[in-house]
Structures are given as structure tokens and as C-alpha cells.
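# Residue-level structural notes
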Amino acid sequence: MRAIVLETLYEWSKGPYRKYISRNEVWGISISELLKYPKTSLGFHLATFLLKHSFEIQPKLESHDVFHVLTGTGISVPEEIYMQFYLLGNGKRSTYLLMVILLGILIYPDYLKHFGKAFIRGRRAFRFHYLDFSKMLNQPIQHIQNTFLIN
């Protein structure tokens, strides 16, 4: 039940967030174009992540899926919250992120220890949350992860 509440809030909020809040540029790339990148690249790994989960590329929200790929974080609701804690530890600050974290604490208090570990992991990594990943799609994913200590 608690996962349904957060999933519903996300579905309601992503449109207005994309339209009124997000300052990100649309990448203008398709999954089939991403699949043309080398198999070790960020672009190829992003495509396989999207296909594995039957996702489409969401304009202005492309980096969100890159965060999943780079951190190896799953897509369940607790894992989404975990990733937001990771990004908070990495220095990312936004109203949206803070709202997800607050709701996560309220709805998943039994995961606090797990979320705390995510925060520490994010803090140990070099800051990468602000990067323009659209310009890094051809880079080997392992190189990005090693360079920024993303584990």
C-alpha cells in the first residue's frame, strides 16, 4: 500500500515537474540510438536498463535513469528512495529530492538504516550528480564509475 501511495504521487508530479521546475535540456535521443553505442558505454547500458524495465526515455528526466545505471540501484519504491539518499549524500539539492526523502522517512521508517548507508555511499563518491551525461554516453561506464568512485 505504501508503495502505491508514492508511485501515485510520482505519476502526478512528474508532468508538472518536467514542465515548470526542471531546467534540464531534452536529450533528443532514442533507445535504438543508445543501443548503437559500444557495449561497454554509458549509452548502451542506459538503453539496456530502459529495455529491461520496459521504460521509455522521459524528456528532461534522462539523468534520473543514468543515476540508476551508474549506482546499480533498482526501481522498487524503497530503491528509488535509496537512490535519492545517495544523491543527497553526493551533494544534490532540490525541493523534489527533499520531498521524496521526507516522504520516504515517513512511509518507510523501517528502511532508515538502509537509507543512511545510501547517504554515506553518495558522500564517499566524488560529486557527479550535476554532470551533463548526454555528453558522456560514449564513455565506458566502468571508467565513469571508477573516476567518480561510484560503487
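These figures come from a predicted structure and were not determined experimentally.

Helix and strand content of the protein chain: 8 helices and 0 strands. Starting at the N terminus, the α and β elements of the protein chain follow one another as α-α-α-α-α-α-α-α. For the protein chain, buried positions account for 40% of its 151 residues. Sequence-distant contacts in the protein chain: of pairs separated by 6 or more residues, those separated by 24 or more amount to 64%.

Side chains that are nonpolar tend, in soluble globular proteins, to be buried together. If you look at the biggest cluster of nonpolar residues, it comprises 36 residues, and the most contacted ones within it are Leu42, Leu46, Leu70, Phe128 and Phe133. Filtering out sequence-adjacent residues up to four positions away, Phe128 remains in contact with Phe67, Leu70, Thr71, Tyr86, Asn90, Phe133, Phe148 and Ile150.

With respect to the helices and strands, His68 occurs in helix α4 (residues 62-71). A distance of 3.2 Å separates polar atoms of two side chains, one belonging to His68 and the other to His64. In this structure His68 touches Phe49, Thr73, Gly74, Ile75, Glu80 and Met83, once residues within four positions along its chain are discounted.

Thresholds, definitions, all that
Residues numbered from 1 in each chain as written. Predicted model: local features only at pLDDT ≥ 70, side-chain atom pairs only at ≥ 80, totals over all residues. Heavy atoms only, no water. Helix = DSSP H or I, 4+ residues; strand = E, 2+ residues; numbered from the N terminus. Buried < 20%, exposed > 50% of the residue type's maximum accessible area, 1.4 Å probe, protein only. Contact = heavy atoms within 4.5 Å. Core = buried A, V, L, I, M, F, W, Y, C linked by side-chain atoms within 4.5 Å. Polar contact = N/O pair within 3.5 Å; in protein donor to acceptor, adjacent residues only side chain to side chain.

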